[in-house]
Amino acid sequence: MGNLGINLVNVAVGIGILLVVLIVGYFAFSKLTRYNDSEEMAKGNEAAGMYMGSKLLGLCIIVGMVSFSTHAWLDMLLWSAVGIIILCLVYIIFDFLTPKIRVCDEIARGNMAVAQVLRSVIIGVSIVIGTFLM
């Protein structure tokens, strides 16, 4: 029964770390786009919602895989920060490699095709990064 209390504390701390990572990630990702993510999603822009959701899901994948391999809270925070940076770089590189498509402009227009490609790239990169950290 003593392990139950320790496990519950670990889960609570882990959820706390995840929430902090998601809030910081949301803020960082929002600063990277040229449109207002919150406004676009409030207007019903599904592409903006899918894109932001996939970035946050990517962070959850990274945090989950890191937490599987380590129980050190500081490691989780460190590698989560690395995950945020990597996902920001993925966006910048994707935007650079597709000069005919202005990613932010297309997402702001509600272009679901661009959002779905980005979703796949972000989730794929998150899985690969997460496995590197395991």
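Residues numbered from 1 in each chain as written. Predicted model: local features only at pLDDT ≥ 70, side-chain atom pairs only at ≥ 80, totals over all residues. Heavy atoms only, no water.

Bringing the nonpolar core into the picture now. Side chains of nonpolar character tend, in soluble globular proteins, to be buried together. By size, the foremost hydrophobic cluster in this structure holds 30 residues, and its most contacted members are Phe-29, Tyr-51, Leu-59, Val-103, Ile-107 and Leu-118. Those elements giving two or more residues to this core turn out to be helix H1 (2–32), helix H3 (46–69), helix H4 (73–97), helix H5 (103–108) and helix H6 (112–133). Looking at which element gives the most residues to this core, the answer is H3, with nine residues. With residues up to four places along the chain from it excluded, the contact list for Leu-118 reads Tyr-51, Phe-94, Val-103 and Ile-107. (Core = buried A, V, L, I, M, F, W, Y, C linked by side-chain atoms within 4.5 Å. Buried < 20%, exposed > 50% of the residue type's maximum accessible area, 1.4 Å probe, protein only. Helix = DSSP H or I, 4+ residues; strand = E, 2+ residues; numbered from the N terminus. Contact = heavy atoms within 4.5 Å.)

In this section: the packing of H3 against H4. Interhelical geometry of H3 versus H4 gives an angle of 145° and a closest axis separation of 9 Å. Helix-helix and strand crossings are classified by hand; for H3 and H4 the assignment is right-handed. Residues Tyr-51, Lys-55, Gly-58, Leu-59, Ile-62, Val-63, Val-66 and Ser-67 of H3 form the contact with H4, whose own contacting residues are Asp-75, Met-76, Trp-79, Ser-80, Gly-83, Ile-84, Leu-87 and Tyr-91. The class makeup of the residues in the contact of H3 with H4 is 10 nonpolar, four polar and two charged. (Axes fitted to C-alpha atoms, helices over the stretch in contact; angles between N-to-C directions. Left-handed = near helix turned anticlockwise from the far one by under 90°. Nonpolar A, V, L, I, M, F, W, Y, C, P; charged D, E, K, R; others polar.)

Attention now goes to H6. Taking 1.5 Å of rise per residue, 22 residues should cover 32 Å, and H6 covers 31 Å from first to last C-alpha, within 8% of that figure. Contacts from the buried residues of H6 go to H3, H4 and H5. For H6, the capping residue at the N-terminal end is Asn-111, with a side-chain oxygen 3.0 Å from the backbone nitrogen of Ala-113. (Expected span 1.5 Å × (residues − 1). Polar contact = N/O pair within 3.5 Å; in protein donor to acceptor, adjacent residues only side chain to side chain.)

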